[in-house]
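Results of the structural survey
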Amino acid sequence: DWTTGNVIDEQVDAIRELVGDKRAICGLSGGVDSAVAAALVQKAIGSQLTCVYVDHGLMRKGETEQVEKDFVAATGVQLKVVDAQERFLTALKGVSDPEEKRKIIGREFIRVFEQAQAEIIADEGPAVEFLVQGTLYPDVVESGGGTGTANIKSHHNVGGLPEDLEFKLIEPLRKLFKDEVRMVGQELGLPEEIVQRQPFPGPGLGIRIVGEVTKERLDLLREADAIAREELTAAGLDRDIWQCPVVLLADVRSVGVQGDGRTYGHPIVLRPVSSEDAMTADWSRLPYDVLAKISTRITNEVRDVNRVVLDVTSKPPGTIEWE
Ligand code: XMP
């Protein structure tokens, strides 16, 4: 019968047998799925696994450290961190269009990731034959796939790697739903902040700045977002909320008054939503005192922000993200 212990034992055996004395690589995004998949494979093959984490500078406060320190401490995994912040900022310079941002972030991400893969492959050591992915059951069903244990299929890479290189995929979460993945992660000893993490978009804060993405704006949004998360957590609301994008309207300015003078700053939008699957969502009816606390703290503590507004739009017609 189904227990997280059984799932882990079964996968560990299967992965060991499959990988033998070869090596595997895994990309970490900071999200739950890739973290649990990596932890499971690490348990099976230890130092034959190398993880890659691309720091694109669009993460929230503390998230890179969570991967670099807490995840490594909990798993002992071998991790290669690529600091690509400058590269992403340069690529995003002057770009305001959301789809353009997504395209650029996606493209740069693949380039940096494949470069890191190529470096690992060029290391001395056994051949890197496997790529670990955190595919879940709903993803499998959506793409009409089957249900192998450590299912193997070919995966061709583009750019940065030898053209004929073909990874075999290890997808140890293929039979699991999200809540089961969280349980497995917990059983594997992963930090609560990673296991219970709310959804966060791949392009990160890049699509939460309405307007051009700059270092200054990212830092400002990171502060505001950290305050909102801190207060929502303190109020015990994390499980009630599906996610709460915090958005910087960088191209909008409004007049305010603070201390002894007039300000001309930017608004921050709070977008707390409840949802089952992100396909539809409703705006969360957060307690006024929590909203008040967040608003006071953000306007007091974050430079250049003089207004906090609440998004009260459902999806549809609004999307969860602003971009
Ligand atoms: P929307 O804004 O479309 O978001 O209602 C639905 C869910 O998807 C996330 N999201 C993304 N995730 N890359 C991602 O990995 C993206 O470009 C992206 N855009 C939106 C969003 O956070 C929400 O959970």
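Residues numbered from 1 in each chain as written. Predicted model: local features only at pLDDT ≥ 70, side-chain atom pairs only at ≥ 80, totals over all residues.

Moving on to the nonpolar core. Within the largest apolar cluster, 69 residues are counted, with the highest numbers of intra-cluster contacts made by Ala24, Cys26, Ala35, Val36, Ala38, Val41 and Ala224. When residues in this core are grouped by element, the largest group, 10 residues, is from helix α2 (residues 32-45). Structurally, this core is a two-domain feature, drawing no fewer than three residues from each of domain 1 (4-195) and domain 2 (208-310). (Core = buried A, V, L, I, M, F, W, Y, C linked by C-beta atoms within 7 Å. Buried ≥ 20, exposed ≤ 12 C-beta atoms within 10 Å, placed from the backbone. Helix = DSSP H or I, 4+ residues; strand = E, 2+ residues; numbered from the N terminus. Domains from an automatic or database assignment.)

This brings us to the domain arrangement of the protein. A common way to state how big an interface is: give the accessible area lost once the parts meet. Annotation of the protein at the domain level lists domain 1 (4-195) and domain 2 (208-310). Residue-level contacts link 10 residues of domain 1 with eight residues of domain 2. When the residues that make up the side of domain 1 that touches domain 2 are grouped by side-chain class, the tally is four nonpolar, three polar and three charged. (Contact = placed C-beta atoms within 7 Å. Nonpolar A, V, L, I, M, F, W, Y, C, P; charged D, E, K, R; others polar.)

Turning our attention to the pairing of strand β1 (residues 23-28). Here is the key point about a regular strand: its side chains alternate between the two faces of the sheet. Burial analysis of β1 places five of its six residues in the buried class, which makes it a mostly covered element. Bridge count between β1 and strand β2 (residues 49-55): five bridges; the pairing is parallel. Residue pairing for β2: glycine 27 is matched across the bridge by valine 52. Regarding topology, α2 serves as the crossover connection from β1 to the parallel β2, and that connection is right-handed. (Pairing = 2+ DSSP bridges. Right-handed = clockwise from strand over helix to strand, strands pointing away.)

Taken together, Arg102, Pro199, Pro201, Gly202, Pro203, Gln243, Ala278, Lys315, Thr319, Ile320 and Glu321 are the residues near the ligand. Each residue belonging to the shell around the ligand can be placed in one class, and the counts come to five nonpolar, three polar and three charged. (Near = placed C-beta within 6 Å.)

On the secondary structure map, leucine 205 appears in the loop between α8 (192-195) and β7 (209-210). Counting along the chain gives 146 residues from leucine 205 to methionine 59, while the straight-line C-alpha distance between them is 6.3 Å. Not counting residues up to four positions away in its chain, the partners in contact with leucine 205 are Leu58, Arg60, Leu218, Leu221 and Arg222.

Let's shift gears to unusual backbone geometry. The linkage connecting lysine 315 with the following residue, proline 316, adopts the cis geometry, with an omega of -15°. Along the polypeptide, proline 316 turns up in the segment after β13 (305-310). Put simply, proline 316 and proline 317 share a cis peptide bond, and its omega is 10°. Mapping proline 317 onto the fold places it in the segment after β13. Positive phi, close to 75°, is recorded for alanine 278, a residue that is not glycine. Among the structural elements, alanine 278 can be located in the loop between β11 (273-274) and β12 (282-283). Its identity is not glycine, yet aspartate 304 carries a phi of approximately 75°, on the positive side. Mapped onto the fold, aspartate 304 is located in the loop between α10 (288-301) and β13.

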